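Residues per chain, in single letters:
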Amino acid sequence: GTALDGFVVSDCIHQGGMAHIYQVRYATGAHDPGFPMVMKVPRMASGDGAENIVSFEVEQQILQLLSGPHVPRFVAAGDLDRLPYLVMEYVPGQTLQHWLDGLQLPAVEEVARLGAAMAHAVHSLHQQDTVHLDLKPGNVIIKPDGSAVLLDFGLSCHAHHPDLLAEELRRAVGSP
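Nothing here was measured: the structure is a model prediction, and the numbers come from that model. Sequence order as written defines residue numbering, which begins from 1 separately in each chain. Note on the predicted model: pLDDT of at least 70 is required for a residue's local features to be given, and 80 or more for side-chain atom pairs to be given and counted; whole-chain, interface and lining totals, by contrast, use all residues. Hydrogens and water molecules were not included; the side-chain quantities draw on all heavy atoms of the structure.

*Asks:* In this structure, what is going on with the side chain of His158? I would like to understand it.
*Replies:* Each helix corresponds to a stretch of at least 4 residues labelled H or I by DSSP, and each strand to a stretch of at least 2 residues labelled E; elements are numbered beginning at the N terminus. Topologically, His158 is positioned in strand E11 (residues 157–158). Of the residues examined, His158 reaches a relative accessible area of 11% and is grouped as buried. The contact definition used throughout considers only heavy atoms, calling two residues in contact when any of these lie within 4.5 Å. What His158 contacts, discounting residues up to four positions off in sequence, is Ile62, Leu65, Gln128, Asp129 and Thr130. Per-residue accessibility, obtained with a 1.4 Å probe over protein chains only, is compared with the maximum for each type, and a residue is labelled buried under 20%, exposed over 50%, and partly exposed between these values.

*Asks:* Hey, could you run me through the sheet that holds strand E5 (residues 74–77) in this one?
*Replies:* Adjacent strands of a sheet form backbone hydrogen bonds with each other and so pair up, either parallel or antiparallel. A pair of strands is labelled paired if DSSP reports no fewer than 2 bridges between them. Reading across the sheet, the six strands line up as E1-E2-E3-E4-E6-E5 and stay open at both edges, with antiparallel pairing between neighbours. At either margin of the open sheet sits one strand with a lone partner, and together these are strand E1 (2–4) and E5. Neighbouring strand axes in the sheet, compared pairwise and without regard to direction, differ in orientation by 35° on average. Strand direction decides the pairing type here: strand E3 (residues 19–26) and strand E4 (residues 37–42), joined by six bridges, are antiparallel. Bridge assignment links Tyr22 to a residue of E4, and that residue is Met39. The strands touched by helix H1 (residues 51–63) within the sheet are E4, E5 and strand E6 (86–89), with E6 carrying the most contacts at an inclination of about 45°. The angle between two axes is taken between their N-to-C directions and runs from 0 to 180 degrees, where each axis is a line fitted to C-alpha atoms and a helix contributes only its stretch in contact.

*Asks:* Explanation requested: the packing of aromatic side chains in the structure shown.
*Replies:* To describe a pair of aromatic rings, one takes the distance between the centres and the angle between the planes. Two aromatic rings from Phe, Tyr or Trp, using only the six-membered ring of Trp, form a pair when their centres are within 6.5 Å; if the ring planes differ by under 30 degrees the pair is stacked, by over 60 it is edge-to-face, and anything between is tilted. Per the stated rule, a full pass over the model turns up two aromatic pairs. Taken together, a centroid distance of 4.9 Å and an interplanar angle of 20° make the contact between Phe7 and Tyr26 stacked. Taken together, the residues span a long stretch of sequence, with Phe7 in strand E2 (residues 7–15) and Tyr26 in strand E3 at a distance of 19 residues. Phe7 sits in the buried class, given a relative accessible area of 2%. Classification of Tyr26 as partly exposed rests on a relative accessible area of 25%. Aromatic ring contacts, followed pair by pair, group Phe7, Tyr26 and Tyr85 into a single cluster.

This is the structure in structure tokens:
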């Protein structure tokens with residue numbers, strides 16, 4: 001129920017290693033974008049490395065450049081000096097990790113369909129001069145219509161923008 005920059009923040013729907021995701025809506029009187037929204041807030045606890053905020057800055061930069069059915073729509077960003085956050089479209093569906101963690105493995109045809117959906121999503125990014133660089137089952141949402149949406153662009157790189165992670169950090173970051 002906290003109001004922040006014209007948004008009303010509600011339930012935390014995901015706590016990741018580098019950020020928390022909250023359901024949000026516009027405060028009364030604001031324009032409704034016509035889709036549900038979430039707010040991503042980087043985790044900045046004592047002992048967290050600089051990669052959390054640098055990768056958040058990368059995601060903020062890149063998400064605004066991307067469009068199409070394979071990425072969440074960008075809505076707003078908070079001031080990095082005051083309170084960093086990203087507001088974007090909430091994408092319904094299950095992560096690819098959900099499929100892998102299921103009690104029963106999907107049929108071969110379903111695996112082929114999921115692979116093709118991911119390939120279309122990655123191809124869409126590449127056509128926009130972006131490489132994801134952290135493609136893993138937890139960063140892919142399979143929507144009810146079977147299409148794939150890619151999430152978490154914090155380690156991504158865009159051909160026309162500086163690679164902030166490479167400039168700021170010497171050690172490797174990401175998922176093994």
